[in-house]
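Each chain, written out:
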Amino acid sequence: MEKKITQTVIEAVKALYGQDVEEKQAGLQKTRPEFEGNLTLVVFPFVKIARKKPEEVAEEIGAYLVEHCDAVSKYNVVKGFLNLSINDSSWLSTLAAIDADEHYGEKQATEESPLVMIEYSSPNTNKPLHLGHVRNNLLGWSLAQIMSANGNKVVKTNIVNDRGIHICKSMLAWLKYGNGETPETSGKKGDHLIGDYYVAFDKHYKAECDELAKQYIAEGMTEDAAKEKAKQEAPLIKEAHEMLVKWENNDPEVRALWSKMNEWVYAGFDETYKALGVGFDKIYYESNTYLEGKDKVEEGLEKGFFYRRDDNSVWADLTKEGLDEKLLLRSDGTSVYMTQDIGTAKLRFQDFPIDQMIYVVGNEQNYHFQVLSILLDKLGFKWGKDLVHFSYGMVELPNGKMKSREGTVVDADDLIATMIADARQTSDELGKYDDMSEEEKQEIARIVGMGALKYFILKVDARKNMLFNPAESIDFNGNTGPFIQYTYARIRSILRKAAAEGLTPTLPSAVEMNEKEIALTQKISEYGAAVAQAGKDYSPSGIANYCYELTKSFNQFYHDYSILGADTAEQKQLRLVLAANVAKTIKNGMALLGIEVPERM
RNA sequence: GGUCUUGUAGCUCAACUGGAUAGAGCAACAGCCUUCUAAGCUGUAGGUUCUGGGUUCGAGUCCCAGCGGGAUCACCA
């Protein structure tokens, strides 16, 4: 409908002033509630063409639209704003179109659709997931749903950082202080168990450093130099490095231990992923990929993109692009982070015909991805130039950043458990579902608790740092996930009652609509635009805000008008259809955020 | 210091990409459960959108300068 009006506007300008205008300039926006009308055209872009006052232009276009466009019943002009009123039958057919489509406003992928790969999560295997990872995982999953709803084929991927010095630290500590403890014998989740040994390593290592530093100072070194040397010379860190060398040389014992401990961690991660409701189509492990990429670098070297220094290290000179020089291979020939990312890119492209690549990685790596994009482009990856670094801000605590060393991390599993327990407590206090079984109650608490957590994180613009206050925790009132879920549950309840009366929501062929009914129809119809915009901006927060607005509109409607107690049968049917489609849209929108909705709560 | 990013109510966040009088939720105060679920609804109060210029019919949004947060500039990942 909106498109048709826009077309007619373009026609009108052509007919009245003899000029072609672009669709963008003839775009409509929603009329502000304080003015009469549903859609508004801003006519300022046309006044130059018309050589007339804005009011006159608006009048002329308005008159043209009423005459040539069935949907427009009347208009009014305020300064340069042309407010259009849409007639009931057009709204009714809009609603009919929405009602007919289970996934109104979303696009299905076809054979020809571009393939988008989204990398997210990418954990290290030496410690459990924390709140920062939660933000990453929720954003990544939601982004995948949004890209998919915009008609893309989506492959969700995860690159697990399963090798390196940090793993060796945990392994070493486990050997030294562990007494053969396993997840089974300790009752700990595997990732937490390994994380504890990582912390244990750090504790002992620090103690060694302090002792050594004292010794060096006694021998006459300055404090800074002593500390620096102690860090290098501590027996524990040396042992860890030896272990890493053994790992790289495929030492069977080290490899066996490594596999065993990683398995524990993966089992732990899987639980957390499951609780978060996220998953992957393809998981890559750095232990398999970290040697890849070297030949790509060699290839670039041959083609003259890169150069070799006297010490045998390989570099890319990006000063022409306004960046620095970047190391790609160390002088001993081993690869660095950048080389590995080139390698994974190569493997991924072998596995999938990628058209677009999205990396969900924190904003501290902005520079890295700027460089990666240029390098991949030079090396001939067609999607390299336009790769998207979906960069998100840090989660901060009231007294600063999360620091694992200072013990100020918010653990993901703890947080999830707390949210669910809080949801449970709230609903027990409200006493709404005393008739339910324990399992049902717990399931609702899970949906609501997770909904609160997810919405809280996803409603914020991803680029921005966000604040999380553990003491105040997460609200269940106001602009929250539970508020939206609650509205959904109430609508479902109404629809159940209607069904019990033998009513199936069916749209009447003609009915008079009041202002609020029109507003609600309009709000629902905006879902498609919200999805499209979110796809363009890579913006889960856009969907979250839309869901909130829709919910708020419905709640006001719910408060002002009775649905089951409507005056006429037609009106009742209209409102039931409206309610059903609000519920549907909430459900679909929340699904794009990875948030479930309960039938009751 | 260079580059990137951010600055909106006491607090946490919006504002459909340049449109009309900048909106919500917390917190505060005043109301609404005999009526489809009160995790709700209504009202009051709260703003020089960091500062100063510029671009134009119009700027929280774009450009320039400054000030304040954050990130990054490793033969770490």
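Here the structure is shown first, and the text comes after it.
All values reported here derive from a predicted model rather than from experimental measurement. (Residues numbered from 1 in each chain as written. Chains lettered and ligands numbered in written order. Predicted model: local features only at pLDDT ≥ 70, side-chain atom pairs only at ≥ 80, totals over all residues. Heavy atoms only, no water.)

**Considerations on helix α11 (residues 252-276)**
Selection criterion: Every helix listed is a DSSP run of H or I at least four residues long, and every strand listed is a run of E at least two residues long, numbered separately from the N terminus. One less than the residue count of a helix, multiplied by 1.5 Å, gives the span that helix is expected to have. As used in this structure description, the phrase polar contact means that two N or O atoms lie within 3.5 Å; if the pair is within protein, one of them must be able to donate a hydrogen and the other to accept it, and residues adjacent in sequence are counted only when both atoms belong to side chains.
The terminal C-alpha atoms of α11, which comprises 25 residues, lie 35 Å apart, in line with the 36 Å expected from a rise of 1.5 Å per residue. N-cap assignment for α11: the residue whose side-chain oxygen lies 3.0 Å from the backbone N of Glu253 is Asp251. Note on α11: the residue one or two positions beyond its end, Gly277, has a positive phi of about 75°.

**Details of the protein's contact with RNA strand B**
For clarity, the cut-off: The rule for a residue being near a molecule or strand is that one of its heavy atoms must lie within 4 Å of it. Amino acid classes used here: Ala, Val, Leu, Ile, Met, Phe, Trp, Tyr, Cys and Pro are nonpolar; Asp, Glu, Lys and Arg are charged; the rest, including Gly, are polar.
Within the structure, RNA strand B sits among 65 residues, and Asp311, Lys401, Lys432, Asp537 and Tyr548 are positioned closest to it. Close to the protein, within 4 Å, the atoms of RNA strand B are drawn from sugar and phosphate at a rate of 58%. Taking Tyr486, its side chain carries an N or O atom lying 2.3 Å from a sugar or linking oxygen of RNA strand B. A distance of 3.4 Å separates a phosphate oxygen of RNA strand B from a polar atom in the side chain of Arg490. Residue composition of the surface near RNA strand B, by class: 26 nonpolar, 22 polar and 17 charged.

**Observations concerning the side chain of Asn581**
You can see Asn581 is positioned in helix α22 (residues 569-592). Separated by 2.8 Å, the side chain of Asn581 and the backbone oxygen of Val577 make a polar contact. A distance of 2.9 Å separates polar atoms of two side chains, one belonging to Asn581 and the other to Lys584.

**What to know about the pattern of salt bridges**
We count it as follows: What makes a salt bridge here is a side-chain nitrogen of Lys or Arg within 4 Å of a carboxyl oxygen of Asp or Glu, nothing more. Buried means the residue's accessible area, taken with a 1.4 Å probe over protein chains only, is under 20% of the maximum for its type, while exposed means over 50%, and partly exposed covers the values in between.
Within this structure, the stated rule accounts for 36 salt bridges. Across the pair Lys74 and Glu36 runs a salt bridge, and its minimum N-O distance is 3.0 Å. One end of the pair, Lys74, is in strand β3 (residues 72-78); the other, Glu36, is in the loop between β1 (28-30) and β2 (39-42), with 38 residues separating them in the sequence. When its relative accessible area of 44% is taken as the criterion, Lys74 is described as partly exposed. The exposure class of Glu36 is partly exposed, given its relative accessible area of 46%. Across the salt bridge formed by Glu599 and Arg492, the nearest N and O atoms sit 2.8 Å from each other. Here the residue Glu599 occupies a position in the segment after α22, and Arg492 occupies one in helix α18 (residues 481-500), the gap between them amounting to 107 residues. For Glu599, a relative accessible area of 35% corresponds to the partly exposed category. Via salt bridges that share partners, Lys30, Lys523, Glu526 and Glu549 belong to a single interconnected network.

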